[in-house]
Amino acid sequence: MAFLFSVARRPGSVVARHSGGFAPSWRQRRPLRRGKPQPSPFPKLCSYGFVFCFGLGFFFAFGVCMEKVFRRFAFLLTGFLGGRRVFCMTKDSWNPQQYEKFKAQRSQPFYDLMNLLRSQEGARVVDLGCGTGELTEELHRFVRASETVGIDSSEEMLKKAQGFSGQGLSFHKGDIQKFSDADGFDIIFSNAALQWCTDHPALFAQLKTSLRPGGQLAVQMPMNHDYATHVIAQKLSLEEPWASLLKEPYGKAQSMLTVEQYASLLFKLGFKEQNVSLKVYGHELESREGVIEWVKGTLLTYFESRLSPADFQAFVTEFRKRLFAVLPDEKPFFYPFKRILIWAQN
Ligand SMILES: C[S@@+](CC[C@H](N)C(=O)[O-])C[C@H]1O[C@@H](n2cnc3c(N)ncnc32)[C@H](O)[C@@H]1O
């Protein structure tokens, strides 16, 4: 801009005087040696440019400040571009408050998984899908790890997790699906996260490459996909208008194997020892409404991240109607929840 100004104000740079009629455009004006100097269009253009750049800068600064609004915009844009199928391009619908509504019930499987670990003081540990980080800290202390790294793709979850970092514990943004680490870990731990990943045979094989000799793999995943919540959600995702809005039916991307298949996979991958079990966690909820609240923190995040707020509301309304048609209206309500616990040593 300084350069433009200096050109416009060069002494002796004058333009031909116009003699009546319509004013010629600035392109038509030719520099002459004589005559009264005409105002150059450059300062005007520069000031327009300045106003434009300032406006643009302000727009982006505003966008960054209003992170949520900005993300919504990004979501709409990626949706418009047809990118909703890609995990990292979907809206971050993980909500720590919603997820922690059933904190006590959700943390029991974590403790059960942690208790499967063999003592390995000073280990290097990774927690894949660490969420809010609270349980990662417990894991770090339980193992007496020298280093524990929590990985999650949700910025909302990581924001909360950062509060637990320090003393060998750190949290980073990353996609489990692409996880690998050249230094390797003594313990690869994942509680209630791998069910969101695809192609488990390839994923487990990939995880093993980041496991040191003698290292332990510990994974817990919900296995409730034959319960009414999941069956109805999947059925709805195949019906219109949801099928068109979602682009991909629920369940297609998830690739859970059977309990026996996980055991066979671990054997095939060369793990020396293994412990694979299916456990039913019985939850006593106030009423069946609790089931909706429960799945809002997990299963329904799949739909929330792919639908507009209004479409998501409509989806939940229909989901509730169908679910309540099959769940008994009992108080308290017993919610049986199956989970698989996997432990294996390299
Ligand atoms: C149900 S929460 C479990 C959180 C934590 N492990 C716990 O036990 O409380 C699942 C977490 O996995 C994360 N997640 C899901 N898919 C992921 C992926 N592909 N890469 C990284 N994190 C993922 C989510 O962001 C979420 O925080």
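Residues numbered from 1 in each chain as written. Predicted model: local features only at pLDDT ≥ 70, side-chain atom pairs only at ≥ 80, totals over all residues.

Moving on, we get to the packing of helix α9 (residues 228-238) against helix α14 (residues 309-326). One way to put it is that α9 packs onto α14 with a least axis distance of 10 Å and a crossing angle of 135°. With respect to α14, the axis of α9 lies oblique. Relative to α14, α9 is oriented so that their crossing is right-handed. Across from A228, T229, I232, A233 and L236 in α9, the residues of α14 making contact are F315, E318, F319, R322, L323 and V326. The class makeup of the residues in the contact of α9 with α14 is 8 nonpolar, 1 polar and 2 charged. (Axes fitted to C-alpha atoms, helices over the stretch in contact; angles between N-to-C directions. Helix = DSSP H or I, 4+ residues; strand = E, 2+ residues; numbered from the N terminus. Parallel < 35°, antiparallel > 145°, perpendicular 65-115°, else oblique. Left-handed = near helix turned anticlockwise from the far one by under 90°. Contact = placed C-beta atoms within 7 Å. Nonpolar A, V, L, I, M, F, W, Y, C, P; charged D, E, K, R; others polar.)

Another aspect to go through is the sheet that holds strand β9 (residues 333-345). Here 7 strands make up an open sheet; going across it, the order is β5-β4-β3-β6-β7-β9-β8 and the pairing mixed. Every other strand in the sheet has two partners, leaving β5 (169-173) and β8 (273-285) as the edge strands with one partner each. Strand-to-strand twist of the sheet, defined as the mean angle between neighbouring strand axes without regard to direction, takes the value 15°. As defined by bridge partners, strand β3 (residues 124-128) adjoins strand β4 (residues 147-152) across 5 bridges and the pair is classed as parallel. Residue V125 lies in a different strand from β4, and its bridge partner there is T148. Contacting β3, β4, β5 and β6 (185-191), helix α6 (residues 134-143) crosses the sheet at an angle of about 160° to β3. (Pairing = 2+ DSSP bridges.)

Note that an α-helix has 3.6 residues per turn; residues three or four places apart therefore point the same way. Between the first and last C-alpha of helix α5 (residues 103-114) there are 16 Å, a value that for 12 residues agrees with the 16 Å anticipated at 1.5 Å per step. Residues of α5 that are buried: R106, P109 and L113. Buried residues of α5 fall within an arc of 55° about the axis and therefore sit on the same side. Away from its buried face, by an angle of more than 90 degrees, α5 presents the exposed residues K103 and A104. In this fold, the buried residues of α5 make contact with β6, β7 (211-222), β8 and β9. (Expected span 1.5 Å × (residues − 1). Buried ≥ 20, exposed ≤ 12 C-beta atoms within 10 Å, placed from the backbone. Arc of directions from axis to C-beta.)

Let's shift gears to the confidence of the model for the chain. Residue-level pLDDT values for the chain average 81, and 71% of them are 70 or greater. Ignoring residues within four places in sequence, the model shows residues 1-35, a span with pLDDT below 50, making 32 contacts including any to other chains. Residue range residues 63-89 is modelled with pLDDT below 50. Its contacts to residues more than four positions away, or to other chains, number 19 contacts. (pLDDT = per-residue confidence, 0-100.)

Across soluble globular proteins, you tend to see nonpolar side chains buried next to one another. In terms of nonpolar packing, the biggest core is built from 44 residues, with V125, V126, I187 and I188 touching the most fellow members. Ignoring any residue separated from it by four or fewer positions in sequence, one finds V126 in contact with V149, I151, F185, I188 and F189. The next biggest cluster of nonpolar side chains, apart from the first, holds 15 residues, and it includes A233, V291, L299 and F315. (Core = buried A, V, L, I, M, F, W, Y, C linked by C-beta atoms within 7 Å.)

Near the ligand lie 21 residues; those nearest to it are G129, G131, S153, S154 and A193. Its residues assigned to classes, the shell around the ligand shows 12 nonpolar, 7 polar and 2 charged. (Near = placed C-beta within 6 Å.)

Another point: α9. Every buried residue of α9 is accounted for by T229, A233 and S237. Projection of α9 onto a plane perpendicular to its axis shows the buried side chains occupying an angular sector of 60°, all on one side. Turning to α9, the residues buried within the fold contact α10 (242-246), α12 (289-296) and α14.

Sheet analysis places β4 next to β5, joined by 5 bridges and oriented parallel. From the neighbouring strand, D152 faces β5, where its bridge partner is K173. At this point the chain moves from β4, through helix α7 (residues 155-161), to the parallel β5, and the crossover so formed is right-handed. (Right-handed = clockwise from strand over helix to strand, strands pointing away.)

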